[in-house]
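Architecture at a glance
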Amino acid sequence: MTNKIDDLQKFTSIDEGTTLTTNQGVPIHDNQNSLKNGERGSTLLEDFILREKITHFDHERIPERIVHARGEAAHGYFQVYESMAKYTKADFLQNPAEKTPVFVRFSTVAGSRGSADTVRDVRGFAVKFYTNEGNYDLVGNNMPVFFIQDAIKFPDLIHAVKPEPHNEIPQAASAHDTFWDFVSLTPESMHMIMWAMSDRAIPRSLRMMEGFGVHTFRFINDQNQSYFVKFHWKPVLGTHSLVWDEAQKLAGKDADFHRRDLWEAIESGAFPEWELGVQLIAEEDEHKFDFDLLDPTKLIPEELIPVKLIGKLTLNRNPDNFFAETEQAAFHPGHVVSGIDFTNDPLLQGRLFSYTDTQISRLGGANFHEIPINRPLCPFHNNQRDGMHRHIINKGQAAYEPNSLAKGYPKEDKSKGFVSYNERVDAHKVRARSPSFSDHFSQAKLFWNSQSPIEQEHIISAFQFELSKLETPAIRERILGHLAKIDKNLTAKVANHLGLDKNLPSENEEAKNMSTSTALSMIKNFKSSLKTRKIAVIAINGILPDTKITALKEELIIAGAMVKVISDKLGFLDSQSKIKIDGTFTNMPSINFD
């Protein structure tokens, strides 16, 4: 028995000096970059290391999503303001009179399905457009950049941020050694870290956060002209956040705070709205910036390329069944329609493979597209057959193309069929990264410089909180070394809180970027309104007459607020009163209100 245990440990432990290999034992030469057609070229399907790594990652957990497990969703519609034919032939972006049905799912990234809504985390913002020419999924986040540049690093990132595997702690949080160890050794993450430590990571409401497509995509028009495009969702109510103390208390008082807020707003008729904006760059201007458009850790400052608002998204109906709709919804950045195409962003290229693989595992087979919430509203026909959970009963004997037995149908459509952009490709097959991806700090500094003083203080506090949770001093010191390249004052305040003033890096120079971008600050773009704000009217017997309470409540409702009357017990204010009490001090504490 002892020998068998020793043999088992030999295959389950990771000893010092071991070589990183594939599951087949093949030593890995480069675990930082996927195999591409040139440094800025498309990722190659033959990259068996990337495919094996992501395939295993995609199938690690069932049935909940590996990431974005905690989510809520709603139905609605999208309307374009004017035809975008100059830039794209996408059908749903042509007719202002047409309402395109949508299903939108919001989510956190790190936690399980049972985690709290208000944790510090990135928020997913995924929109499924049921267009006349097929489903289009715009699968993004509430932050415009990401932690990594190449999809081959995604399993490493998520393994680092998930609960540590030896004790499954902490849940839905990033304040632990493995995450910050990864960040400290991956400086490309620093721009995203600044966003994650800002108030953007603790939104007041899902209705009050921005959304971004993250990657650079392409618009293609009828003349086969290409425009690079970045997608933005701008909330009509403005972008607002909680503060950290509120977020922590809400996680305990009401773990479903965001889910409840979205549901109640739609049920009350206060339909959430966002405007879709695009940043458009002509093909010939691809290289005119001091950063690379294909780098997913970079954004395009709105001062360089303004956001053009092209349409509005309205959510007006809650799901009828959470599991059948919200949980079974399958999004995929590779679900595009004619007129929208990909770029060689190496993170996007990996996602195009990963999402289908994940849905097959999570939803039980290749027919996940037949689940009602995922089915396109337009007709679809092909020769795919059988598989688990097949719903369609296909008739006829021909399930191939070309055929004569079914008169050749379904046939290709040369006039309307999807055609990839005819991009010139001429490069060596390499496992490398373009030098244009090498600046990891200038935009992190741009984000810091653009914040108001109170927003900067919140970022400092976030770093102090997160890094104080770490048990390995060397990780803290490596993070301080990165922060010193962003701002010395930020670094000094964080170091002081950690008792590392004497360990401050002395030779690191700050990044050169000293500019600011007003669009990156929430406070500088603050929208002041009572619309949909939750107001508690405290009613105590004998303090105010019914008429004054009623008048106050009506005035607030007229201003757009969502009002609850709170007292020490349910029922009515007293035996003579007509004022109905909506909640008590114990079941609706003050933290639930604005």
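Only a predicted model underlies this, so the values are computations on that prediction, with no experimental measurement involved. (Residues numbered from 1 in each chain as written. Predicted model: local features only at pLDDT ≥ 70, side-chain atom pairs only at ≥ 80, totals over all residues. Heavy atoms only, no water.)

Some thoughts on the nonpolar core
- Formed by 59 residues in total, the largest nonpolar core has its most connected members in W180, M194, F463 and L483.
- Among the secondary structure elements, those contributing two or more residues to this core are α2 (48-58), α3 (154-161), α4 (177-184), α5 (190-196), α10 (442-450), α11 (453-468), α12 (473-483) and α13 (488-498).
- The leading source of residues in this core is α5, at six residues.
- Excluding residues that lie within four positions of it along the chain, M194 makes contacts with A444, F447, W448, I459, F463, L483, I486 and L490.
- Among the nonpolar cores identified, the runner-up in size contains 38 residues, and A90, F129, F217 and I340 belong to it. (Core = buried A, V, L, I, M, F, W, Y, C linked by side-chain atoms within 4.5 Å. Buried < 20%, exposed > 50% of the residue type's maximum accessible area, 1.4 Å probe, protein only. Helix = DSSP H or I, 4+ residues; strand = E, 2+ residues; numbered from the N terminus. Contact = heavy atoms within 4.5 Å.)

Examining the packing of α10 against α11
- Running from N to C, α10 and α11 cross one another at 125°; their axes reach a closest spacing of 8 Å. As judged from the angle between their axes, α10 and α11 are oblique. Within the contact between the two elements, α10 uses F447, W448 and N449 and α11 uses Q456, I459 and I460.
- Residue composition of the contact of α10 with α11, by class: four nonpolar, two polar and no charged. (Axes fitted to C-alpha atoms, helices over the stretch in contact; angles between N-to-C directions. Parallel < 35°, antiparallel > 145°, perpendicular 65-115°, else oblique. Nonpolar A, V, L, I, M, F, W, Y, C, P; charged D, E, K, R; others polar.)

Remarks on the side chain of D177
- As for its position among the elements, D177 is in helix α4.
- Here D177 occupies a buried position and makes no salt bridge, while the nearest side chain of opposite charge, R476, is found at 6.9 Å.
- Separated by 2.8 Å, the side chain of D177 and the backbone nitrogen of E471 make a polar contact.
- Residues within four places of D177 in sequence aside, it is in contact with E164, K469, L470, E471, T472 and I475. (Lys, Arg positive; Asp, Glu negative; His and termini not counted. Salt bridge = Lys/Arg side-chain N within 4 Å of Asp/Glu carboxyl O. Polar contact = N/O pair within 3.5 Å; in protein donor to acceptor, adjacent residues only side chain to side chain.)

Description of helix α7 (residues 257-267)
- Buried within α7 we find F257, H258, D261, L262, A265 and I266. Axial view of α7: buried residues confined to an arc of 155°, hence all on one face.
- Of the residues flanking the end of α7, it is G269, one or two places downstream, whose phi is positive at about 90°. (Arc of directions from axis to C-beta.)

A word on the pattern of salt bridges
- Summed over all chains, the structure comprises 34 salt bridges.
- Ionic pairing is found between E327 and R65, a salt bridge with its closest N-O pair at 4.0 Å. Residue E327 is found in helix α8 (residues 322-327), and its partner R65 is found in the loop between α2 and β2 (71-80); the two are separated by 262 residues along the sequence.
- By relative accessible area, E327 is classed as buried at 5%.
- On the basis of relative accessibility, which here comes to 9%, the residue R65 falls in the buried class.

Considerations on the confidence of the model for the chain
- Scored by pLDDT, the chain comes out at a mean of 91, with 95% of its residues at no less than 70.
- Segment residues 7-12: pLDDT under 50, and zero contacts once partners within four positions in sequence are set aside and those in other chains are kept. (pLDDT = per-residue confidence, 0-100.)

Concerning a nonpolar patch on the surface
- There is a patch of nonpolar side chains on the surface, built from I538, I540, I543, L544 and F585 and spanning about 480 Å² of accessible area.
- In this structure, I543 sits in the loop between β13 (534-538) and α14 (546-558).
- Given the relative accessible area of 62%, I543 is considered exposed. (Patch = residues over 30% accessible without salt bridge, like charges linked within 9 Å, V, L, I, M, F, W, Y side chains within 5 Å. Areas by Shrake-Rupley, 256 points an atom, 1.4 Å probe, with all protein chains shown as cover.)

Details of unusual backbone geometry
- Cis geometry marks the peptide bond from E401 to P402, where omega comes out at 5°.
- Following the sequence through the fold, P402 ends up in the loop between α9 (346-362) and β12 (429-430).
- Residue P410 follows Y409 across a cis peptide bond; omega there is -5°.
- Looking at where P410 falls in the secondary structure, it is placed in the loop between α9 and β12.
- Positive phi outside glycine occurs at E168, with the angle close to 55°.
- Here E168 shows up in the loop between α3 and α4.
- Phi is positive for A172, which is not a glycine, with a value near 55°.
- Residue placement: A172 occurs in the loop between α3 and α4.

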